[in-house]
Amino acid sequence: MKLKVYVTLKPGVLDPQGRAIHHALGSLGFAGVEDVRVGRLIELTVADDTDDAAVEAMCRQLLANTVIENFRIERA
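Residues numbered from 1 in each chain as written. Predicted model: local features only at pLDDT ≥ 70, side-chain atom pairs only at ≥ 80, totals over all residues. Heavy atoms only, no water.

Peer 1: Before we move on, could you go through the side chain of E69 and cite the residues and values that matter?
Peer 2: Following the sequence through the fold, E69 ends up in strand β3 (residues 69–75). For E69, a relative accessible area of 10% gives the class buried. At a separation of 2.8 Å, a polar atom in the side chain of E69 contacts the side chain of R40. At 2.7 Å, the side chain of E69 forms a polar contact with the backbone nitrogen of N65. (Helix = DSSP H or I, 4+ residues; strand = E, 2+ residues; numbered from the N terminus. Buried < 20%, exposed > 50% of the residue type's maximum accessible area, 1.4 Å probe, protein only. Polar contact = N/O pair within 3.5 Å; in protein donor to acceptor, adjacent residues only side chain to side chain.)

Peer 1: Can you lay out the nonpolar core for me, pointing to particular residues and giving the numbers?
Peer 2: By size, the foremost hydrophobic cluster in this structure holds 11 residues: L3, V5, V7, I42, L44, V46, V55, C59, L63, A64 and F71. Discounting residues that sit within four places of it in the chain, A64 has contacts with V7, R40, C59, E69 and F71. (Core = buried A, V, L, I, M, F, W, Y, C linked by side-chain atoms within 4.5 Å. Contact = heavy atoms within 4.5 Å.)

Peer 1: I'd like a description of the sheet that holds β3, backed by residues and values.
Peer 2: Within a beta sheet, neighbouring strands are joined by backbone hydrogen bonds and run either parallel or antiparallel to one another. Spatially, 3 strands are ordered β2-β1-β3 in an open sheet, and the strand pairing comes out antiparallel. Every other strand in the sheet has two partners, leaving β2 (40–45) and β3 as the edge strands with one partner each. On average, each strand axis in the sheet is inclined to that of its neighbour by 20°, with strand direction left out of account. In the sheet, strand β1 (residues 2–9) pairs with β3 via 7 bridges, with the strands oriented antiparallel. (Pairing = 2+ DSSP bridges. Axes fitted to C-alpha atoms, helices over the stretch in contact; angles between N-to-C directions.)

Peer 1: Give a detailed account of the environment of T8, specifying residues and quantitative values.
Peer 2: Mapped onto the secondary structure, T8 falls in strand β1. When its relative accessible area of 41% is taken as the criterion, T8 is described as partly exposed. Distance in space between the C-alpha atoms of T8 and R37 is 7.9 Å, their sequence separation being 29 residues. In this structure T8 touches G39, I68, E69 and N70, once residues within four positions along its chain are discounted.

Purely geometric stuff here, so don't read any function into it on its own.
Spelled out as structure tokens, the structure:
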């Protein structure tokens, strides 16, 4: 089974990479961009009998830093 895990910074957490991209877009002449937040996408292929609790544990223990990041799991 294929899964997608989207990891994003929690609201209020500073995003220096997003700020750098925002600044670069403005420097390149792209107007109208109000904010940029950078996250990551992790694609997993797991056994069909892998339960939701196991996937959630993977995210909490390794894939996301739950102090500053949120994650969302999508079955592809």
